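# Fold and contact review
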Amino acid sequence: MPNALSRGIFNLFFGAKRKPFASLPGPQPGILGTAGDFLGASPWDVCARYGREYGGVTLIWMGPNPGLVLNDPALIAEVYESPRRMEFEKGNISEQIRPSTTDDTSFTAELRGDWVQKRDMEPTARPWAAESLAEMVGPMQAAISESVDALLKRDAIDLAPDLRRLTFDAFSVALVSEKLPDQVFEDFMLLAKAADARIQAKLPLKFVKPPKGFEEAKARFYGHFVDRIREARKRQGSRAVDVMSRYLEEQPGIDDQVLAHMLGGTYFGGAFSSSVTLVGAFHQLNKYPQAAERLAAEAASLVADGPLTFGKLEGAKWTEAVAFESLRILPAVRVMTRTPSKDARLAGVTLPAGSMIMITNQHLHRDPAHWPDPDTFKPERWLDGGTTRDPLGSGHFFPFGRGPRACVGADFAMTFLKTALATIASRVKVHVDSTEPFEEGFFFGVVLPKGVTGKLVARTAPSSEDVRVRSA
Ligand code: HEM
């Protein structure tokens, strides 16, 4: 809490501005407003604490500007789902990531601009998306299995970067039928780092310089997809099973550059969030070995008579429960922002245009009034009606956001997560060095687990290997 002098100065200058917001609870503002709370702390922890201390709506001050942190399902629905959602745009985040992600994906489009068209063009929103996704399960399983082979040769793994690359490679197989050269991955990471520097910038964006080699990396990254699209157009007739080929077949008139931007955009939308979810899942599974063994048993039965299929995954209720529970307890995206494009009434006050609204799922995902034993990883809570009680995108469970602007890749992500969990668990035990909570940083708007190290142990390997690791 700011000291009395700091609070006094704020009141002296902005006391009149505070008056219309007097009905709302929140921390006392000082010279920086309440922004000091966010210095040196994870934004999601601060937002969740506000939920516990102040309830569903908390008034914050970003310097002299009022803002809200929402932890109330009904208010979140008003911003995300009601017809009034048109009043709220994504705000800064679009501006921050646009140089890296381009302007051809729905992520950065304005709701009141061309968002509908851009969203509709996304590969995961096309009418054939579900059918195409079903075809991806086998190829993604093969890609993940190959990545597991490579990781098995290593004495140690660092789960966040290693599962990120595994995810990137599986996505590549789904998108263009093969894993991509290291250079493409490195270019992707450079573009992501550039966007992250803008997201985390303390200075106005015009002062944030792109990293060295940014333009070259961007040209190479998207150019790689343009080249593949052009090659695929020449091969017409021999349809490969991948998103790019399906797109070209269904909509041959699509512009090469636009399709390249959307394919590249898939990694930005999903590679960090999906891989981080896997890190959380394997960390929790280490802590709860019975859940891990049940996953391994289900996974073994899924692959016993041939490759994974979409149909098999639909019946894999424990695998799905593990994915949901990981998304509940350690959601990869925990803070989303909205900003009113004009002055807007919300929670009984008038928020000026441009105000910050922070929406967070961390508190609601662990709200003890809603979830029994909320801090414990219990996949079983999703069985016997759990998924109907708390479906994706509902008041207390929205790892992919809520409403029409929720994650366009949610089905893709769920299919990838289940494929990865089943493939990995059928082949190896992921031994994680510590079951203590890991440190969480922030990268590209997504939680970044730090220092989650471990080792893969083959389930079919001689048991002495397993024993050696267990007794280490
Ligand atoms: C576990 C994995 C994932 C998580 C947790 C996740 C989470 C989210 C969330 C919370 C949002 C809403 C943000 C907001 O309301 O401001 C979102 C939007 C979005 N996601 Fe995902 N996502 C995941 C995977 C993916 C994948 C695989 C793709 C691409 C295939 C993707 C593409 C997008 C796009 C393009 C948007 C913006 C949609 C729009 O603005 O209309 N995401 N995601």
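Residues numbered from 1 in each chain as written. Predicted model: local features only at pLDDT ≥ 70, side-chain atom pairs only at ≥ 80, totals over all residues.

## A closer look at the overall build of the protein chain
Looking only at helices and strands, one finds 18 helices and 12 strands in the protein chain. Taking contacts inside the protein chain between residues at least 6 apart in sequence as the whole, the part at least 24 apart equals 72%. (Helix = DSSP H or I, 4+ residues; strand = E, 2+ residues; numbered from the N terminus. Contact = placed C-beta atoms within 7 Å.)

## Things to note about helix α6 (residues 129–152)
With 24 residues, α6 extends 33 Å from end C-alpha to end C-alpha; this agrees with the ideal 34 Å at 1.5 Å per step. Roughly 35° is the biggest bend found in α6, and it falls at V137, with proline P139 one to four residues downstream. All buried positions along α6 are accounted for by S132, L133, M136, V137, M140, Q141, A143, I144, S147 and L151. (Expected span 1.5 Å × (residues − 1). Bend = angle between axes of the 7 residues up to and from the residue. Buried ≥ 20, exposed ≤ 12 C-beta atoms within 10 Å, placed from the backbone.)

## Comments concerning the sheet that holds strand β9 (residues 428–432)
Here three strands make up an open sheet; going across it, the order is β4-β12-β9 and the pairing antiparallel. Looking along the sheet, the strands with just one partner apiece sit at the ends: β4 (157–158) and β9. Strand direction decides the pairing type here: β4 and strand β12 (residues 453–458), joined by two bridges, are antiparallel. Directly across from D158, in β12, lies its bridge partner T453. (Pairing = 2+ DSSP bridges.)

## Quick word on the sheet that holds strand β5 (residues 335–340)
Across a sheet, paired strands are connected by hydrogen bonds in the backbone, their directions being either parallel or antiparallel. As summarised here, the arrangement of the five strands in space is β1-β2-β8-β5-β3, forming an open sheet in which the pairing is mixed. With partners counted over all chains shown, the strands left at the sheet margins are β1 (57–62) and β3 (88–89), one partner each. For strand β2 (residues 65–70) and strand β8 (residues 356–360), the ladder comprises four bridges, and the chain directions are parallel. The residue of β8 that forms the bridge with L70 is I359.

## Some words on the UniProt feature "binding site: heme" (unreviewed entry) in the protein chain
Under the present numbering, the feature "binding site: heme" (unreviewed entry) in UniProt falls on C407. Mapping C407 onto the fold places it in the loop between α16 (386–389) and α17 (410–427). Leave out the neighbours within four places in its chain, and C407 touches F400, G401 and A413. (UniProt positions renumbered as here; feature names shortened; annotations may be inferred.)

## Let's talk about the environment of H363
Along the chain, H363 turns up in helix α15 (residues 362–365). Spatially, the C-alpha atom of H363 lies 33 Å from that of T102, the residues being 261 residues apart in sequence. Beyond its immediate stretch of four places on either side in the chain, H363 contacts A48, G51, R52 and N71.

## Details of the packing of helix α11 (residues 256–287) against helix α14 (residues 317–329)
Running from N to C, α11 and α14 point in directions that differ by 105°, and their axes come no closer than 9 Å. Considered as vectors, α11 and α14 are oriented roughly perpendicular to each other. Between α11 and α14, the residues in contact are T277, G280, A281 and Q284 and V322, A323, S326, L327 and I329, respectively. By residue class, the composition of the contact of α11 with α14 is five nonpolar, four polar and no charged. (Axes fitted to C-alpha atoms, helices over the stretch in contact; angles between N-to-C directions. Parallel < 35°, antiparallel > 145°, perpendicular 65-115°, else oblique. Nonpolar A, V, L, I, M, F, W, Y, C, P; charged D, E, K, R; others polar.)

## Comments concerning the site of the ligand
For the ligand, the set of nearby residues contains 25 residues, the closest of which are G269, G270, G401, C407 and G409. If you tally residues by element for the shell around the ligand, the top one is α11, at six residues. (Near = placed C-beta within 6 Å.)

## Concerning the packing of helix α12 (residues 289–303) against α17
Viewed as axis vectors pointing N to C, α12 and α17 meet at an angle of 95°, and their least axial separation amounts to 8 Å. Classed by the angle they form, the pair α12 and α17 counts as roughly perpendicular. For the pair α12 and α17, contact is made by L295, A296, A299, A300, L302 and V303 and by L421, A422, A425 and S426, respectively. Per-class residue counts for the contact of α12 with α17 are nine nonpolar, one polar and no charged.

## Notes on unusual backbone geometry
With the exception of glycine, the majority of residues adopt a negative phi angle, and the majority of peptide bonds are in the trans configuration. For S177, which is not glycine, the phi torsion reads 80° and is therefore positive. Its location among the elements puts S177 in the loop between α7 (159–176) and α8 (182–199). When the 17 C-beta atoms within 10 Å are taken as the criterion, S177 is described as partly exposed. Positioned with a positive phi, D384 is a non-glycine residue whose angle comes to about 50°.

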